[in-house]
Amino acid sequence: MDKDINILAIESSCDETAAAVVRNGREVLSNIIASQIDIHKKFGGVVPEVASRKHIEVINAVTQEAIEASKMRMQDIDAVAVTYGPGLVGALLVGLQYAKGLAYALKKPFIGVNHIEGHISANFIEHKDLEPPFVCLVVSGGHTFIVYMKDYGVFETIGETRDDAAGEAYDKVARAIGLGYPGGPKIDKLSKEGNEQAIYFPRASFHDDSLDFSFSGLKSSVLNYINKMEMKGEEINKADVAASFQKSVVDVLTENVIRTCKLKKVDRIAIAGGVASNSRLRQELIAAGEKNNISVLFPSPILCTDNAAMIGSAAYFEYIKGVRSSLDINAMPNLKLGER
Ligand code: KG4
Ligand code: ZN
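Residues numbered from 1 in each chain as written. Chains lettered and ligands numbered in written order. Predicted model: local features only at pLDDT ≥ 70, side-chain atom pairs only at ≥ 80, totals over all residues. Heavy atoms only, no water.

Under the annotation held in an unreviewed UniProt entry, the chain carries the name tRNA N6-adenosine threonylcarbamoyltransferase and is attributed to Clostridium oryzae. Turning to the chain, the UniProt annotation filed under Catalytic activity (unreviewed entry) states: "L-threonylcarbamoyladenylate + adenosine(37) in tRNA = N(6)-L-threonylcarbamoyladenosine(37) in tRNA + AMP + H(+)". The UniProt entry for the chain carries the following text under Subcellular location (unreviewed entry): "Cytoplasm". (UniProt positions renumbered as here; feature names shortened; annotations may be inferred.)

Here is the structure:
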């Protein structure tokens, strides 16, 4: 395509209100994120109703800032894209309605984007030459998937969590040891001071050859350990608990994703989602990749957690295929990958 395609993208599926302008799917002209973490921290997790209200308060300013920072004029944008699922329905609706209004007023094409596809697409921004096929591990607060991306917008889910998401397990364990929300980065940091061999926590596997995950047993096992220690009147070593828990998560993620590469005969893994910024996961996957001749790609931390640049990237690859959404699409809290 000769002409540059500049997409204004909006994301509001959880607790980040974000807007970005992305050129040709890979060049970020602006990427503005207003995080609500400080508000939700007080409650120990995201409160959906509070999230929706906060999105309403800031979405206009965030979008205007994204346009200004991109040095583009609103009318020169080629399309408006927005996350329409999966996510919190009230939160999604704010971004969706706002984006529809913009697309209608500007008379621009409108594209609804799957949030998970967005996370995966963060890798196209970070790695300019990356093209499908590759295996992708999506690990966030709400999702844990292993996906085989055959082509742009074409996915085969190889494994997924049967209960908690990896990030959710991090958040729950962090809460149990008094680290606060969001727990992932805090466990990541504290683990550096702990011994990951100190306590053996289980690694769930299934009798069939399934590449699915389960983290709720691990979470219960950590909670049981804490309770037992409290009952014995012994003090827990938080750093050891954090490091041992983290090791269990990282081991299963690494093992299943490497097994998927062998199954699909693919020598490239891209990691996506908030947990992809975890330092131990990066370390262990890179080491496993070197051992198995598999290259492991990560987006920078700012592109791992929720942002709108990744939505602009995913939207571009849909746009050039001719995909357009109707202005009457609804928010889809349980939208599946590859579904429209
Ligand atoms: O992708 P994301 O921003 O939101 C969802 O779509 O869910 O992911 C947020 C999740 C939270 O559970 C957070 O604790 C986790 O990602 N997270 C981490 C790290 N940074 C964020 N988990 C482990 N280590 C990290 N460094
Ligand atoms: Zn996300």
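**Student:** Describe the environment of G217, with residues and values.
**Tutor:** Note that G217 resides in helix α7 (residues 216–231). The exposure class assigned to G217 is partly exposed, which follows from its relative accessible area of 37%. (Helix = DSSP H or I, 4+ residues; strand = E, 2+ residues; numbered from the N terminus. Buried < 20%, exposed > 50% of the residue type's maximum accessible area, 1.4 Å probe, protein only.)

**Student:** Break down the site of ligand 1 for me, citing the residues and quoting the values.
**Tutor:** The immediate surroundings of ligand 1 are formed by 21 residues, with G141, D171, G184, D188 and N278 found nearest. The contact in question runs from an oxygen atom of ligand 1 to an N or O atom on the side chain of S140, over 3.4 Å. One of the side-chain N or O atoms of D188 is found 2.9 Å from a nitrogen atom in ligand 1. Contact with the protein chains hides 90% of the accessible area of ligand 1, taken as 550 Å² for the molecule alone. (Near = heavy atom within 4 Å. Polar contact = N/O pair within 3.5 Å; in protein donor to acceptor, adjacent residues only side chain to side chain. Areas by Shrake-Rupley, 256 points an atom, 1.4 Å probe, with all protein chains shown as cover.)

**Student:** Go over the packing of α7 against helix α8 (residues 238–264), please, and point to the residues and values.
**Tutor:** Packed helices, taken two at a time, are described by the angle their axes make and the gap between the axes. At their nearest, the axes of α7 and α8 sit 11 Å apart, and the two run at 160 degrees to each other. Here α8 runs roughly antiparallel to α7, going by the angle between their axes. Considering only the axes of α7 and α8, their crossing is right-handed. Residue-level contacts link L218, V222 and Y225 of α7 to V241, F245, S248 and V249 of α8. Of the residues assigned to the contact of α7 with α8, the class counts are six nonpolar, one polar and no charged. (Axes fitted to C-alpha atoms, helices over the stretch in contact; angles between N-to-C directions. Parallel < 35°, antiparallel > 145°, perpendicular 65-115°, else oblique. Left-handed = near helix turned anticlockwise from the far one by under 90°. Contact = heavy atoms within 4.5 Å. Nonpolar A, V, L, I, M, F, W, Y, C, P; charged D, E, K, R; others polar.)

**Student:** Tell me about the packing of aromatic side chains, and name the residues and values.
**Tutor:** Counted under the stated rule, the structure contains eight aromatic pairs. Taking 5.1 Å as the distance between ring centres and 80 degrees as the angle between the ring planes, the aromatic pair formed by Y170 and F245 counts as edge-to-face. With Y170 in helix α5 (residues 166–176) and F245 in helix α8, this residue pair connects regions lying 75 residues apart in the sequence. Its relative accessible area of 2% is what places Y170 among the buried residues. Judged by its relative accessible area of 0%, F245 is buried. On the basis of an interplanar angle of 80 degrees and a centroid distance of 5.1 Å, the ring pair of Y316 and F317 is categorised as edge-to-face. In terms of burial, Y316 and F317 fall into one category: buried. (Phe/Tyr/Trp six-rings, centres within 6.5 Å; stacked < 30°, edge-to-face > 60°.)

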